[in-house]
Amino acid sequence: MTAAPLGKDLVGLEELSASQITLILDTAEAFKEVSERPIKKVPALRGKTIVNLFFEASTRTRISFEFAEKRLSADTVNVATQSSSVSKGETLVDTARNLEAMRIDMVVIRHPASGAARFLGERIRSNVINAGDGKHEHPTQALLDLLTLRDRFGRIEGLKVAICGDVLHSRVARSNIWGLLKLGAHVVVCGPPTLLPKGLEALGVTVMHRIDEAMQWADAINVLRLQLERMESGFVPSLREYNRIFGVTRERLARAKRDLVIMHPGPINRGVEIDSDVADGSQSLILPQVTNGVAVRMAVLYLLAGGAPEWRNQPADDR
Amino acid sequence: MATEIVERCLGTDGLVMVGVQRRGVELAHRLAVLIHRAKGWVVPLGKLDITLYRDDLQSVGPRPVVGETSLPRELDGQTVVIVDDVLYTGRTIRAALDELADFGRPRRILLCVLVDRGGRELPIQADVVGLRVPTAPGDRVDVLVRERDGEDAVNLVRAE
């Protein structure tokens, strides 16, 4: 195996090379089987202590990380802090010092401020894994999306992937764009101009403003959640109008490629960005995404655990 | 070796052969073919990757690559033959036994290795051995198989 090791933290896919991303996906492939065993547990992270530090609401991601940790035999503690009134910098430094003092090995952090994971990683010796930081990145979500695409198509290179909807507020979109481009996919983003950040083309992404056009071009479409909680008013006129113009509906699906697959990071706003019968239909990969999430997170935890070792030769084992 | 496995398992049905990644997998496959030719039995095959059960995971450098584990069916009440290329410290087999226990409770587990090079660090011995080679700790025993390496060979590389 020639891929460089991952380093201490996983902050985003922007920092990773194509071979590092592939290493994570290949490792995740092996971990899928662990969740199918009668005893869904391997001793790889026995004795490691992991803190799940969630400064923002999360069900899927937190439970997915927790399953991944438990299936690797790590000991876990969940800290859910909804407070947002405290100055973020101060809170995090304080938190970091307290965590250090408790001799923990890894921290999984979700935080409303972009850059929070890097900030924490630079201040503690433990491994830090970004579970979503503001509008910056959500690397494990993009990795599970990549794994789901690779499962379906057998490859990422050359694949046409459309990312549709609220790109502006979406860390999922950002991480996906980095991951897809590094692995050689063609990426289109599509959404109302108010929800597309400026300068996207400079990354190598094509912008479309009509959802029909994007759906007819794509092999796979990743439908983003309209992030109502991150929006001030005025981005979209009304949810009904958004659904009419940008919703992934059954009628639009009928006009797209017959084997177009639908992904969504969840939670779904049914009837807003995606219709119920599309989300639950045969072209939807939404539940396989969730299954892959556990495997991808196990792979990341396994590869990062133990700090940032030099690229030493493995000792001969039973040779 | 195939004959010896058959002798030891005569009268027992429910035989399963499990190759330890990586070259144990090919060796198990070959033994199964030989047994099929001689006796007409179709022996179910499995693969076992013991990486996640290693006792030195915390100390080895970058994480070792995790390979595939797939076992053919319920192991409860079966006779499982673990097949590996080289038996040295016994730590791989310790890990394999732990991993098998997470899949079920076999009636019996046997160990079959192509090369026993001595140097055990755990009280583990093989039931069926192809070749016994005395070695020193710095030596290397490389088993090559045609399917993976293009040739069949056992190379003993002495320490400098």
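Calculation criteria
Numbering of residues begins from 1 in every chain and follows the order in which that chain's sequence is written. In the order they appear in the text, chains get letters beginning with A and ligands get numbers beginning with 1. Totals for whole chains, interfaces and linings use all residues, but because this is a predicted model, local features are given only for residues with pLDDT of at least 70 and pairs of side-chain atoms are given and counted only at 80 or more. Remark: hydrogens and water are excluded; side-chain values derive from all non-hydrogen atoms of the structure. Ring pairs are drawn from Phe, Tyr and Trp, using the six-membered ring of Trp, whenever the two centres fall within 6.5 Å, and their geometry is named by plane angle: stacked under 30 degrees, edge-to-face over 60, tilted for the rest. Secondary structure elements follow DSSP: runs of H or I no shorter than four residues count as helices, runs of E no shorter than two count as strands, and numbering proceeds from the N terminus. Classification of residues uses two cut-offs on accessible area relative to the type maximum, computed with a 1.4 Å probe and protein chains only: under 20% is buried, over 50% is exposed, and between them is partly exposed. The criterion is simple. A nonpolar core is a set of buried Ala, Val, Leu, Ile, Met, Phe, Trp, Tyr and Cys residues joined through side-chain atoms within 4.5 Å. Any two residues whose heavy atoms approach within 4.5 Å are treated as being in contact. Lines fitted to C-alpha atoms define the axes, with helix axes restricted to the stretch in contact, and inter-axis angles between N-to-C directions lie between 0 and 180 degrees. Here is the rule for angles: anything less than 35 degrees is roughly parallel, anything more than 145 is roughly antiparallel, 65 through 115 is roughly perpendicular, and the remaining ranges are oblique. Each helix crossing is assigned a hand: it is left-handed if the near helix lies turned anticlockwise from the far helix by less than a right angle, otherwise right-handed if that turn is clockwise. Classes in brief: Ala, Val, Leu, Ile, Met, Phe, Trp, Tyr, Cys and Pro nonpolar; Asp, Glu, Lys and Arg charged; the others, Gly included, polar. Every helix has an expected span of 1.5 Å times one less than the residues it contains. We call two N or O atoms a polar contact when they sit within 3.5 Å, provided that within protein one can donate a hydrogen and the other can accept it, with sequence-adjacent residues counted only if both atoms are side-chain atoms. Strands pair, by our definition, only if DSSP identifies at least two bridges between them. Whenever a carboxyl oxygen of Asp or Glu lies within 4 Å of a side-chain nitrogen of Lys or Arg, that contact is scored as a salt bridge. If you view a crossover with the strands going away from you and the path from the first strand over the helix to the second runs clockwise, you call it right-handed. Across the chain, each position has a pLDDT score giving the predictor's confidence in that residue, from 0 to 100.

### Quick notes on the packing of aromatic side chains
Residue and element names in this part refer to chain A. In the structure shown here, the tally under the stated rule is two aromatic pairs over all chains. Aromatic pair Phe-31 and Tyr-302: ring centres 5.5 Å apart, planes at 70°, arrangement edge-to-face. Taken as a pair, Phe-31 in helix α1 (residues 18–32) and Tyr-302 in helix α11 (residues 286–304) lie far apart in primary sequence, 271 residues in all. For the pair shown, Phe-31 and Tyr-302 are each scored as buried.

### Considering the nonpolar core
Looking at soluble globular proteins, one finds that nonpolar side chains tend to be buried together. Within the largest apolar cluster, 87 residues are counted, with the highest numbers of intra-cluster contacts made by A:Phe31, A:Leu143, A:Leu180 and B:Leu52. Not counting residues within four places of it along the chain, the set of residues in contact with B:Leu52 comprises A:Phe31, A:Val34, A:Val42, A:Pro43, A:Ala44, A:Tyr302, B:Leu57 and B:Val66. Counting residues in each nonpolar core, the second largest holds 27 residues, with A:Leu226, A:Leu253, A:Ile262 and A:Val272 among its members.

### Some words on the packing of helix α5 (residues 139–153) of chain A against helix α6 (residues 171–182) of chain A
Residue and element names in this part refer to chain A. At a minimum axis separation of 8 Å, α5 and α6 run at an interaxial angle of 50°. Of the possible angle classes, the one that applies to α5 and α6 is oblique. Seen from above, α5 lies across α6 with right-handed handedness. In this structure, α5 contributes Pro-139, Gln-141, Ala-142, Asp-145, Leu-146 and Leu-149 to the contact, and α6 contributes Val-172, Ser-175, Asn-176, Gly-179 and Leu-180. Of the residues belonging to the contact of α5 with α6, the class tally is six nonpolar, four polar and one charged.

### A look at the environment of B:Glu151
Residues and elements named next belong to chain B. Here Glu-151 shows up in the loop between α4 (146–149) and β7 (153–157). For Glu-151, a relative accessible area of 41% puts it in the partly exposed group. The sequence separation of Glu-151 and Asp-85 amounts to 66 residues, and the corresponding C-alpha distance is 15 Å. Setting aside chain neighbours within four positions, we find Glu-151 in contact with Leu-144, Val-145 and Arg-146.

### Describing α6(A)
Residues and elements named next belong to chain A. The terminal C-alpha atoms of α6, which comprises 12 residues, lie 17 Å apart, in line with the 16 Å expected from a rise of 1.5 Å per residue. Among the residues of α6, those classed as buried are Arg-171, Val-172, Ala-173, Ser-175, Asn-176, Ile-177, Gly-179 and Leu-180. Capping the start of α6 is the job of one residue whose side-chain oxygen sits 3.3 Å from the backbone nitrogen of Val-172: Ser-170. At the C-terminal side of α6, Gly-184 shows a positive phi close to 90°.

### Re the sheet that holds strand β8 (residues 220–223) of chain A
All names here are of chain A. Here we have five strands laid out as an open sheet, ordered β7-β6-β5-β8-β9, and parallel in their pairing. Since the sheet does not close on itself, it has two edges, and those belong to β7 (206–208) and β9 (261–263), each with one partner. For this sheet the average axis-to-axis angle between neighbouring strands, irrespective of direction, equals 25°. As judged from the five bridges shared by strand β5 (residues 160–164) and strand β6 (residues 186–190), these two strands associate in the parallel manner.

### Here we look at the pattern of salt bridges
Side-chain pairing between opposite charges can occur once the charged atoms of the two side chains come close. For the coordinates displayed, the defined rule picks out 31 salt bridges over all chains. The closest approach of N and O atoms between A:Lys32 and A:Asp151, which form a salt bridge, is 2.8 Å. Within this pair, whereas A:Lys32 is found in helix α1, its partner A:Asp151 is found in helix α5, the two being separated by 119 residues in sequence. Between B:Glu99 and A:Arg37 there is a salt bridge, with its nearest N and O atoms 2.8 Å apart. Taken as a pair, B:Glu99 in helix α3 (residues 91–101) and A:Arg37 in the loop between α1 and β1 (49–54) lie in two separate chains rather than in one. Comparing B:Glu99 with A:Arg37, the two get one shared label, buried.

### With respect to unusual backbone geometry
The residue after A:Gly266, namely A:Pro267, is reached through a cis peptide bond having omega -10°. Looking at the element boundaries, A:Pro267 is found in the loop between β9 and α10 (276–279). Cis geometry marks the peptide bond from B:Gln21 to B:Arg22, where omega comes out at 5°. Looking at where B:Arg22 falls in the secondary structure, it is placed in the loop between β1 (15–20) and α2 (23–39).

### Re the sheet that holds strand β5 (residues 128–132) of chain B
One key point about sheets: their strands pair by backbone hydrogen bonds, in either a parallel or an antiparallel sense. Residue and element names in this part refer to chain B. Sheet architecture is open: five strands sit in the order β2-β1-β3-β4-β5, paired in parallel fashion. Here the strands that pair on one side only, and so sit at the sheet edges, are β2 (45–48) and β5. The average undirected angle you get between the axes of adjacent strands in this sheet is 25°. In this sheet, β2 lies alongside β1 in parallel orientation, the contact comprising four bridges. Along β2, the bridge assignment pairs Gly-19 with Lys-47. Along the sheet face, helix α1 (residues 2–9) touches β1, β3 (79–87), β4 (108–116) and β5 and points at about 165° away from the line of β4. Helix-sheet contacts for α3 involve β1, β2, β3 and β4, and the interaxial angle to β3 is about 155°.

### Topic: the pairing of β5(A)
For a regular strand, the rule is simple: side chains alternate between the two faces of the sheet. All names here are of chain A. Of all five residues making up β5, four are buried, and the element is well covered by its neighbours. Traced from β5 through α6 to β6, the parallel crossover comes out right-handed. Across four bridges, the pairing between β5 and β8 is parallel. Opposite Val-161, over in β8, you have Ala-220 as the bridge partner.

### A look at the confidence of the model for chain B
Atomic detail in the predicted coordinates should be set aside for any region of low pLDDT. Averaged over every residue, the pLDDT of chain B is 89; residues scoring 70 or more account for 96%. Reported confidence for the predicted complex is 0.82 by ipTM and 0.88 by pTM.

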